[in-house]
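Close look at the chain arrangement
This is what each chain is made of:
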Amino acid sequence: MLILGIETSCDDTGAAIYDTARGLLAHKLYSQVEIHRPHGGIVPELAARDHIQKLLPLINAVGEEAGVEPTRLDGVAYTSGPGLAGALLVGASVGRSLAFALDIPAVGVHHMEGHLLAPMLEDESPCFPFLALLVSGGHTLLVDVEAPGCYRIMGESLDDAVGEAFDKTAKLLGLGYPGGPEISAAATAGIPGRFHFPRPMTDRPGLDFSFSGLKTRVMETVRSREMDRQTVADIAHAFQDAAVDTLVIKTRRALRETGYEQFVVAGGVGANRLLREQLGALGEELGCSFFYPRPEFCTDNGAMIAYAGAMRVSCAPVQPGTGFEVRPRWSLEDLEPVPAGLWETCTRAD
Ligand code: KG4
Ligand code: ZN
């Protein structure tokens, strides 16, 4: 089965073709970072308009790279939520129109299910059940992944997502957008121990997160002194340490609670080197196997949507006709479980 995947939930236009027999055939990404950079964050209207311009050429380009004519496609998967409504509508309308014209099924994919399954695109991939730490610009989730489509949220952020905290802290420090990679780069020159920030909500039981207080502490620190390059690097170092430490402490707790021996990290912040190193060390210490997607499949991409779509297109009832909806807010827990046995027949790790 050949599935076209389309991702337009935020500021990346992604397209990919996944073959359930041969794995990922092609994927391409167009990043809008340069468009949003002058604004220091994503401008939803600009995002939607740019998806309109870039999506069709990108779909043609993946088709060419994969050597797949549109008429050979068996289904189209597009991100239908959560995300920015206008941006989601672009992928949904293009995806459904294409499927209607080709007379093939179209399915709306949950963006975070895409992230959660992205480690399956790698040679080394987990088996169900496992624990997932999903860390992006909009979400910070610890998920008990019992089986395909069966997700229980064990912990989540009560305010800012961790990626958002990276982005806001970078802005406070006068660093560029997106903030995650900028903080991480600045932190390499930081002097360890010059600043120390709290590890929010780790001193009480539970698996929820809160990152807005951490950002406020950075703001107070920035306002209380003269900022020079070294100080920026030192604060970036201390912030990254605090954010990563917090994620690792809660992941350790969740692994203990579930007793799972496998865990994954996914989502944009999953590209963070320190986080990967520390989760790797945690895995070794606890005797658990740790899996993660390559960095380009941590951040938003079409490949994860094509992959999740290959699974969903076979089990979700396809909306008839040309009507469609997007779901800017949508919980992972509301997804339908995938019928037993279907997972194995519809997906194949690359
Ligand atoms: O998953 P993603 O591409 O988009 C959303 O679904 O939100 O995640 C984007 C987030 C941004 O907040 C960005 O700053 C963060 O991921 N990010 C990182 C790194 N690369 C991207 N955060 C920390 N370290 C990184 N290396
Ligand atoms: Zn994402």
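Remember, predicted model here, so these are calculated numbers, not experimental data.

Here we come to the domain arrangement of the protein. The domains assigned to the protein are domain 1 (2–117 + 297–343) and domain 2 (128–292). Taken over C-alpha atoms, the centre of domain 1 sits 27 Å from the centre of domain 2. On the domain 2 side, the residues contacting the 26 residues of domain 1 number 24 residues. Contact between domain 1 and domain 2 buries roughly 1900 Å² in total, counting both sides, with carbon and sulfur atoms accounting for 70%. It is Met-112, Leu-116 and Cys-298 that lose the most area in domain 1 upon contact with domain 2, and together they represent 32% of the buried surface on that side. Put simply, domain 1 and domain 2 have zero salt bridges between them. Our count for the contact surface shared by domain 1 and domain 2 stands at six residue pairs in polar contact (both at pLDDT 80 or more).

Moving on, we come to the site of ligand 1. Neighbouring ligand 1 are 20 residues, the closest being Gly-137, Asp-167, Gly-180, Gly-268 and Asp-300. A distance of 3.1 Å separates an oxygen atom of ligand 1 from a polar backbone atom of Gly-163. With respect to ligand 1, the backbone of Gly-268 contributes an N or O atom lying 3.0 Å from an oxygen atom. Computed on the free molecule, ligand 1 has an accessible area of 550 Å², of which 88% lies beneath the protein chains in the complex. Partitioned by chemical class, the residues of the shell around ligand 1 number six nonpolar, twelve polar and two charged.

Procedures and definitions
- Residues numbered from 1 in each chain as written.
- Chains lettered and ligands numbered in written order.
- Predicted model: local features only at pLDDT ≥ 70, side-chain atom pairs only at ≥ 80, totals over all residues.
- Heavy atoms only, no water.
- Domains from an automatic or database assignment.
- Contact = heavy atoms within 4.5 Å.
- Buried area = accessible area lost by both parts, 1.4 Å probe.
- Salt bridge = Lys/Arg side-chain N within 4 Å of Asp/Glu carboxyl O.
- Polar contact = N/O pair within 3.5 Å; in protein donor to acceptor, adjacent residues only side chain to side chain.
- Near = heavy atom within 4 Å.
- Areas by Shrake-Rupley, 256 points an atom, 1.4 Å probe, with all protein chains shown as cover.
- Nonpolar A, V, L, I, M, F, W, Y, C, P; charged D, E, K, R; others polar.

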